[in-house]
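Analysis of the macromolecular model
Given next are the chains, with one letter for each unit.
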Amino acid sequence: MTESPLLPVGSASFAGDPRLLPEVRRIGERYGMDYTDDAAVRVMLSHHEAAIRRTGRSAPVRVAGLTIVTGVIWPFVIPELLQHPGFDDTENFHVADATRNFHVADATRNFLLAYAVPALLLIVGVGLAVRVHRTARRQLRHPELVGYRTVLAATRACGVPLAHIPDWLVGRGTSTGTSGASAAGVREAAPLPAYELPPAYEPADREAVPEVPEPAPEPAPATVPRQEIPAVPRKPFAVTEFEALADKGGWHDEIGFLLIVVAAIGAGWGYVDDKPVGYLIAVVLAAVGVWVWLTGRAQGKVREGLREEAEEYVRRLTAAQAAGATIPALSPALTRLAADGEKSGKAM
């Protein structure tokens, strides 16, 4: 069954401070969005996230990357090709003039081919990258997103915890996996603004305020059963283990493959130069590479098993938030799970 993604804060949490709910409504009126409607906020966030991710995967991004890489590699490859004997024949390099034909010097031709072309490619690639960057920054400055970041800043100013802050919402790299605040040294393109809630109203001169007689007490209404706010689900031990293992490993496949490649090189060297030590190095490195790969594979299986428990915990948190519970700040590992749920249209 498709579930709604976990929001940074649910609308039920706005009632925790008497100043917060009116302030959220005032922000919503300013930016034309009802931020107390969780369903509308989810739709709004999904729409803007999809638009920003489409910009990051658009054709200009691929063209910019291709032209920049080509422009960087070109000066190291083309000059070597120009030294090839096949490029010595300059009979075909002539420029027609209105009055005469003149021969372009080899040095000028080689310079244009080796450096002018890659410079042009770099200019085009950087220009496209800057254009895409500005488009993404403009999307982050959409009034609905500006208003929502202001709501989150006001919520945090009241001391209400934020479950997580999506990286795309503040223009932060998705690899940081931070929650609530930016990591050290990581710049946010659209951080949460500084916000101070207005103080509660108190008359400046209490003696100048006329006393109003208190009305007669009304009879107590009939007792209405109070809707209980569900408690935040307790974190299972398996989820704690997942958080501890989430950022460990990940390099076993690369290191294992590299060791096997070096072992193959060593075996080739031993065969070509008739060096028995090459075979010995190959056997040792291959054994170590296989061991590293198997260790990473076993660790990955354990992590995947714990991930299922963590996903179920995030689902329970989402259900509790929808019922009115205030979700505390998530760990970086659970924040990434919540972000993955937003990408796939469900909260894990």
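Residues numbered from 1 in each chain as written. Predicted model: local features only at pLDDT ≥ 70, side-chain atom pairs only at ≥ 80, totals over all residues. Heavy atoms only, no water.

1. What to know about the overall build of the chain
Looking only at helices and strands, one finds ten helices and two strands in the chain. For the chain, buried positions account for 32% of its 348 residues. Here the contacts in the chain between residues at least 6 apart in sequence split such that 72% fall between residues at least 24 apart. Accessible surface for the chain amounts to roughly 21,800 Å². Of this, 62% is attributable to carbon and sulfur atoms. (Helix = DSSP H or I, 4+ residues; strand = E, 2+ residues; numbered from the N terminus. Buried < 20%, exposed > 50% of the residue type's maximum accessible area, 1.4 Å probe, protein only. Contact = heavy atoms within 4.5 Å. Areas by Shrake-Rupley, 256 points an atom, 1.4 Å probe, with all protein chains shown as cover.)

2. Let's talk about the pattern of salt bridges
Counted by the stated rule, this structure contains five salt bridges. Between Glu23 and Arg26 there is a salt bridge whose closest N-O contact spans 2.3 Å. Pair noted here: Glu23 and Arg26 are both in helix α1 (residues 20-31), with a separation of three residues, about one helical turn. On the basis of relative accessible area, Glu23 is assigned to the buried category, the value being 7%. (Salt bridge = Lys/Arg side-chain N within 4 Å of Asp/Glu carboxyl O.)

3. Structural notes on the nonpolar core
With 29 residues, the main nonpolar core has Tyr35, Leu45 and Tyr148 as its most contacted residues. When residues of this core are traced back to their parent elements, those giving at least two are α1, α2 (38-56), α5 (143-157) and α6 (167-170). The dominant element in this core, judged by the number of residues it contributes, is α5, at six residues. For Tyr35, the contacting residues outside a window of four places in its chain are Phe14, Val24, Ile27, Gly28, Val41, Met44, Pro143, Glu144, Gly147, Tyr148 and Val151. Formed by 18 residues, the second largest nonpolar core is a distinct cluster that contains Ala238, Tyr313, Leu317 and Ala333. (Core = buried A, V, L, I, M, F, W, Y, C linked by side-chain atoms within 4.5 Å.)

4. Examining the environment of Ala15
Note on placement: Ala15 falls in the segment before α1. In this structure, the C-alpha to C-alpha distance between Ala15 and Gly324, residues 309 residues apart in sequence, is 10.0 Å.

5. Topic: the packing of α2 against α5
Direction vectors running N to C along α2 and α5 enclose 120°, while the axes themselves pass 11 Å from each other. Between α2 and α5, the angle falls in the class oblique. Classified by chirality, the crossing of α5 by α2 is left-handed. Of the residues in α5, those touching α2 at Val41, Met44, Leu45, His48 and Ile52 are Glu144, Leu145 and Tyr148. Partitioning the contact of α2 with α5 into residue classes produces six nonpolar, one polar and one charged. (Axes fitted to C-alpha atoms, helices over the stretch in contact; angles between N-to-C directions. Parallel < 35°, antiparallel > 145°, perpendicular 65-115°, else oblique. Left-handed = near helix turned anticlockwise from the far one by under 90°. Nonpolar A, V, L, I, M, F, W, Y, C, P; charged D, E, K, R; others polar.)

6. Points about the packing of aromatic side chains
For the structure on display, the rule yields one aromatic pair. With centroids separated by 5.9 Å and ring planes inclined at 35°, the aromatic side chains of Tyr35 and Tyr148 adopt a geometry described as tilted. Highlighted residues: Tyr35 in the loop between α1 and α2 and Tyr148 in helix α5, separated in sequence by 113 residues. In this structure Tyr35 comes out as buried when scored by relative accessible area, which is 2%. (Phe/Tyr/Trp six-rings, centres within 6.5 Å; stacked < 30°, edge-to-face > 60°.)

7. Description of α5
Taking 1.5 Å of rise per residue, 15 residues should cover 21 Å, and α5 covers 21 Å from first to last C-alpha, within 8% of that figure. Within α5, burial applies to Leu145, Gly147, Tyr148, Arg149, Thr150, Val151, Leu152, Ala153, Ala154 and Thr155. Trailing α5 by a residue or two, Gly159 shows a phi angle of about 85°, which is positive. (Expected span 1.5 Å × (residues − 1).)

8. Let's talk about the packing of α1 against α5
Contact pair α1 / α5: the axes reach a minimum separation of 9 Å and the direction vectors enclose 165°. Taken together, the axis directions place α1 and α5 in an arrangement best described as roughly antiparallel. Between α1 and α5 the crossing geometry is right-handed. Counted together, Leu20, Val24, Ile27 and Tyr31 of α1 and Pro143, Val146, Gly147, Thr150, Val151, Ala154 and Thr155 of α5 form the full contact between these two elements. Classifying every residue of the contact of α1 with α5 gives eight nonpolar, three polar and no charged.

9. Quick look at unusual backbone geometry
The phi angle at Asp274 is positive, at roughly 55°, despite the residue not being glycine. Of note, Asp274 is situated in the loop between α8 (252-272) and α9 (276-322).

10. With respect to helix α7 (residues 237-245)
Looking only at α7, the buried set comprises Ala238, Val239, Phe242 and Glu243. One side of α7 carries all its buried residues, which in axial view fall inside an arc of 145°. (Arc of directions from axis to C-beta.)

11. A few points about the confidence of the model for the chain
Summary statistics for the chain give a mean pLDDT of 75 and a share of 73% for residues scoring 70 or more. Counting contacts from residues 174-184, a segment whose pLDDT is below 50, to residues more than four positions away or on other chains yields 23 contacts. A low-confidence stretch, residues 220-226 (pLDDT under 50), is modelled with zero contacts involving residues beyond four sequence positions or located in other chains. (pLDDT = per-residue confidence, 0-100.)

12. A closer look at a nonpolar patch on the surface
On the surface, Trp269, Val277, Leu280, Ile281, Val284, Val288 and Trp291 cluster together to form a nonpolar patch covering roughly 660 Å² of accessible area. Along the polypeptide, Ile281 turns up in helix α9. Ile281 sits in the partly exposed class, given a relative accessible area of 38%. (Patch = residues over 30% accessible without salt bridge, like charges linked within 9 Å, V, L, I, M, F, W, Y side chains within 5 Å.)

13. Considering the environment of Arg297
The residue Arg297 is located in helix α9 in this model. Sequence separation between Arg297 and Asp253 is 44 residues; the distance between their C-alpha atoms is 8.1 Å.

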